[in-house]
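Observations on chain architecture
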Amino acid sequence: VQLQASGGGLVQAGGSLRLSCAASADAFSTYTMGWFRQSPGKEREFVAASKRFNSNPYVADSVKGRFTMSRDNAKNTVYLQMNSLRPEDTAVYYCAADKSIISSSLGDYRQYDYWGQGTLVTVSS
């Protein structure tokens, strides 16, 4: 499985960005997809996940109400809509995929088998 994340960039605080992650995978709908982010010197942090078969996404408390995850199984793509961005949202954002992850492990980056290259989001104050 290959994942290609895009859509990062520089935005002012309060602005919006939409990240995309395109997957080259057969039976894309059978993969759980996740978004994580990592800032320098910090551990990779869970942002959101969409379990396979397009169930309702899980979103981290730190971004709930501001970020929304969606997936389009026909296009093998997941999205992360980020609104009301804050400087603390600055990070490299990664998409990840796994076929067998369990619900209790959705937020554990070590449980995902496949990773994209990351896309940098910079929020200026």
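The structure under discussion appears in the preceding block.
Structural notes, computed from the coordinates.

The rules behind each value
Residues numbered from 1 in each chain as written. Predicted model: local features only at pLDDT ≥ 70, side-chain atom pairs only at ≥ 80, totals over all residues. Heavy atoms only, no water. Pairing = 2+ DSSP bridges. Helix = DSSP H or I, 4+ residues; strand = E, 2+ residues; numbered from the N terminus. Axes fitted to C-alpha atoms, helices over the stretch in contact; angles between N-to-C directions. Disulfide = S-S within 2.5 Å.

Across the sheet, 4 strands lie side by side as β1-β3-β8-β7; this open sheet has antiparallel pairing. Because the sheet does not close on itself, it has two edges, and the strands there are β1 (2–6) and β7 (67–72). Here the strands of the sheet are splayed against their neighbours by 15° on average, with no regard to which way each runs. Two elements, β1 and strand β3 (residues 17–24), share 5 bridges in a ladder whose sense is antiparallel. Residue pairing for β3: Gln2 is matched across the bridge by Ser24.

Our focus in this paragraph is the state of the cysteines. Overall, the coordinates contain 1 disulfide when judged by the stated rule. Between the sulfur atoms of Cys21 and its disulfide mate Cys95 the distance is 2.1 Å. Residues Cys21 and Cys95 are joined by a disulfide whose S-S torsion is about 65°; by sign, that bridge is right-handed. One end of the pair, Cys21, is in strand β3; the other, Cys95, is in strand β9 (residues 91–98), and 74 residues separate them in sequence.

This paragraph deals with the pairing of β3. In terms of strand pairing, β3 meets strand β8 (residues 77–82) through 6 bridges, oriented antiparallel. Within β8, the position partnered with Arg18 by the bridge is Gln81.

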